[in-house]
Amino acid sequence: MNLDLSAFEPIALMLTIGAAISLLLTSNWRLFLLALAIQYLGVFVLVTSHWPVGLAAVKVVVGWMTVAILGSSESGEDFQLPFSASRMGLIFRFITITIVGVLVYVFSSYFAEWLGISEIVALSGLLLSAGGILQIGFSGSILRRIVGLLSVLSGFEIIFAPLSDSVLLAGLIAVVHLGIGLAETYWINLDNDEKVSI
């Protein structure tokens, strides 16, 4: 049974845009993980229009499980994500995000027409993927790079959902999300153990 949430797609688009920008600009790890959880909620709404509810629910459940796994890797009150907080660094990030956002907006209609999907789905998927690529490129932090990789994968899922409703692919991508989250936790703990031993 497909639940038609196409009326909520513009809201989901705004959620994913806000989450992608928050992921790029925040240094508070709790807000960072909250933005990632909101991103997965937006992915769920966008995918529900094309997949059965049970299959689309896998996206939000696995996404929130991944957020919980990532959150368990750092529990310190004063933990801050490494981030260039200089004024010029923020201005550079903002200008880069704006340029990439405008380019994605311009090309999303051509991309949607080429694939035969709606423009909102194409725009959301491309924005998440572009935001993930920027996240990977902007930071040397393991957590930020992993979340960038998860964002690229989520963008792919949004674009791929109207093209196929394969249960096997949905399960495989869910396992990849959880595996990436577990690998990140391992790397963070390994890095923390090395800092303690030095």
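Definitions and cut-offs
- Residues numbered from 1 in each chain as written.
- Predicted model: local features only at pLDDT ≥ 70, side-chain atom pairs only at ≥ 80, totals over all residues.
- Heavy atoms only, no water.
- Axes fitted to C-alpha atoms, helices over the stretch in contact; angles between N-to-C directions.
- Helix = DSSP H or I, 4+ residues; strand = E, 2+ residues; numbered from the N terminus.
- Parallel < 35°, antiparallel > 145°, perpendicular 65-115°, else oblique.
- Left-handed = near helix turned anticlockwise from the far one by under 90°.
- Contact = heavy atoms within 4.5 Å.
- Nonpolar A, V, L, I, M, F, W, Y, C, P; charged D, E, K, R; others polar.
- Expected span 1.5 Å × (residues − 1).
- Buried < 20%, exposed > 50% of the residue type's maximum accessible area, 1.4 Å probe, protein only.
- Salt bridge = Lys/Arg side-chain N within 4 Å of Asp/Glu carboxyl O.
- Core = buried A, V, L, I, M, F, W, Y, C linked by side-chain atoms within 4.5 Å.

Give me the packing of helix α2 (residues 29-48) against helix α5 (residues 119-138): which residues, what numbers.
Remark: α2 packs on α5, axes separated minimally by 11 Å, with the N-to-C direction vectors making an angle of 155°. As judged from the angle between their axes, α2 and α5 are roughly antiparallel. As α2 packs across α5, the resulting crossing turns out to be left-handed. On the side of α2, the interface is formed by Phe-32, Gln-39, Val-43 and Leu-46, while α5 contributes Ile-120, Ser-124, Leu-128 and Gln-135. Tallied by class, residues from the contact of α2 with α5 come to five nonpolar, three polar and no charged.

Before we move on, could you go through helix α3 (residues 53-72) and cite the residues and values that matter?
Taking 1.5 Å per residue, 20 residues should reach 28 Å; α3 reaches 28 Å between its end C-alpha atoms and fits that length. Those residues of α3 lying buried are Leu-55, Ala-56, Lys-59, Val-60, Val-62, Gly-63, Thr-66, Val-67, Ile-69, Leu-70 and Gly-71.

I'd like to hear about the pattern of salt bridges, residue by residue, with values.
On inspection of all chains with the given rule, the structure shows one salt bridge. Here Glu-157 ties to Lys-59 by a salt bridge, and the two come within 2.5 Å at their closest N and O atoms. Of this pair, Glu-157 sits in helix α6 (residues 142-160) while Lys-59 sits in helix α3, placing them 98 residues apart in sequence. Given a relative accessible area of 5%, Lys-59 falls into the buried group.

Would you mind going over the nonpolar core in detail, with residue names and values included?
Val-47, Trp-51, Ile-117 and Ile-158 are the most contacted members of the largest nonpolar core, which totals 20 residues. When residues of this core are traced back to their parent elements, those giving at least two are α1 (9-25), α2, α3, α5 and α6. Per element, the largest residue contribution to this core is five residues, and it comes from α2. Leave out the neighbours within four places in its chain, and Val-47 touches Ala-56, Glu-157, Ile-158 and Ala-161. Listed in part, the 15 residues of the second largest apolar core include Leu-33, Leu-36, Ile-146 and Ile-180.

On their own, these measurements won't tell you what the molecule is for.
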